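A look at the structure
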Amino acid sequence: MSVTLEVSNLSKTYGEGDRAVAAVRGVRFATEPGEFVAIVGPSGSGKTTMLAMIGGLLTPTSGSIRVNGQEIVGLRGKALAEYRRRKVGFVFQANNLLPFLTARENLLVMARINGSDMRAARARADQLLEELGLTHRRDALATELSGGERQRVAIGRALMNDPELVLVDEPTASLDSARGRQVVQSLIAEVKGRDKLGIMVTHDMAMAELADRILEMHDGQLTERLAGVAG
Ligand SMILES: Nc1ncnc2c1ncn2[C@@H]1O[C@H](COP(=O)(O)OP(=O)(O)OP(=O)(O)O)[C@@H](O)[C@H]1O
Ligand SMILES: [Mg+2]
């Protein structure tokens, strides 16, 4: 697997007329396989909107998103669902775990949805829980987990189906810095090891600096911030 992403002229306007909000305005960027990109920028600058469009969760107003050369904008119905399910792992700002399931079951649910081999899925879930420092909480219900633990389960769940695009919105918001760094480093290892692509939105510059590149979003527009911070 060797993933490239090309975004061009990507825009999203919410609402119409007087109440229109141009959340993303003519964004363009491209990535290389194995790249882990951080996106920083003020609240309301369009970061989540852009990530949701790349993940196929939100329809752009205009522009193009190509994943391995395939145009995503304009995909509908089954093709769009397939793209989201097979290619994308999304960790949302508000991670929505299933409250009546344990940490481990929250991961396994993804494999069930995909009809994966459950023996392999259990091994994968346990490996991810280990990497994320959750082995001791594996059988705790989602409601019994701390905010940081829930966030880590959400990351594990996003990685379960081995997605090519790993899209993460504020992974470290409720993690202390040592734990946050460890989580981001597991994400980076996952992306690098398999030539995937990782995009992480964060407010935390210490986390952003772990990425290959930092892009900065301002008023819906994206600019390069620093080059080659870490490798
Ligand atoms: N569903 C929506 N309907 C209308 N406006 C929206 C909607 N979602 C977001 N917006 C607006 O679009 C702009 C960009 O929002 P977005 O959530 O992408 O910002 P963000 O950079 O992720 O912010 P934060 O750092 O606070 O998460 C904001 O002005 C926001 O109010
Ligand atoms: Mg956001």
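In what follows, the accompanying structure is described. Values in this document were obtained by computation on a predicted structure and should not be read as measured data.

1. Re the site of ligand 1
Near ligand 1 there are 13 residues, and of these Ser43, Gly44, Lys47, Thr48 and Thr49 occur at the shortest range. Between ligand 1 and serine 43 there is a distance of 2.5 Å, counted from an oxygen atom to a side-chain nitrogen or oxygen. One of the side-chain N or O atoms of threonine 48 is found 2.8 Å from an oxygen atom in ligand 1. In the complex, the protein chains occlude 60% of the 640 Å² of accessible area that ligand 1 would expose alone. Among the secondary structure elements, those contributing two or more residues to the shell around ligand 1 are strand 2 (21-30) and helix 1 (47-54). The element contributing the most residues to the shell around ligand 1 is helix 1, with three residues. Partitioning the shell around ligand 1 into residue classes produces four nonpolar, eight polar and one charged.

2. Structural notes on helix 6 (residues 177-193)
Here helix 6 is 17 residues long and its end C-alpha atoms lie 24 Å apart, about the 24 Å a rise of 1.5 Å per residue gives. If you check which residues of helix 6 are buried, you get Gly180, Val183, Val184, Ser186, Leu187, Ile188, Glu190 and Val191. Along its buried surface, helix 6 packs onto strand 3 (36-40), helix 4 (118-131), helix 5 (147-159), strand 7 (165-169), strand 8 (197-201) and helix 7 (205-208). Two residues or fewer past helix 6, aspartate 195 is found with a positive phi of approximately 55 degrees.

3. Topic: the packing of helix 3 (residues 103-114) against helix 5
Two numbers describe how helix 3 lies on helix 5: the axes approach to 8 Å, and their chain directions differ by 25 degrees. The orientation of helix 3 relative to helix 5 falls into the category roughly parallel. Here helix 3 runs over helix 5; the crossing is right-handed. Together, Ala103, Asn106, Leu107 and Met110 of helix 3 and Val153, Gly156 and Arg157 of helix 5 make up the contact between the two elements. Split into classes, the residues belonging to the contact of helix 3 with helix 5 amount to four nonpolar, two polar and one charged.

Calculation criteria
- Residues numbered from 1 in each chain as written.
- Chains lettered and ligands numbered in written order.
- Predicted model: local features only at pLDDT ≥ 70, side-chain atom pairs only at ≥ 80, totals over all residues.
- Heavy atoms only, no water.
- Near = heavy atom within 4 Å.
- Polar contact = N/O pair within 3.5 Å; in protein donor to acceptor, adjacent residues only side chain to side chain.
- Areas by Shrake-Rupley, 256 points an atom, 1.4 Å probe, with all protein chains shown as cover.
- Helix = DSSP H or I, 4+ residues; strand = E, 2+ residues; numbered from the N terminus.
- Nonpolar A, V, L, I, M, F, W, Y, C, P; charged D, E, K, R; others polar.
- Expected span 1.5 Å × (residues − 1).
- Buried < 20%, exposed > 50% of the residue type's maximum accessible area, 1.4 Å probe, protein only.
- Contact = heavy atoms within 4.5 Å.
- Axes fitted to C-alpha atoms, helices over the stretch in contact; angles between N-to-C directions.
- Parallel < 35°, antiparallel > 145°, perpendicular 65-115°, else oblique.
- Left-handed = near helix turned anticlockwise from the far one by under 90°.

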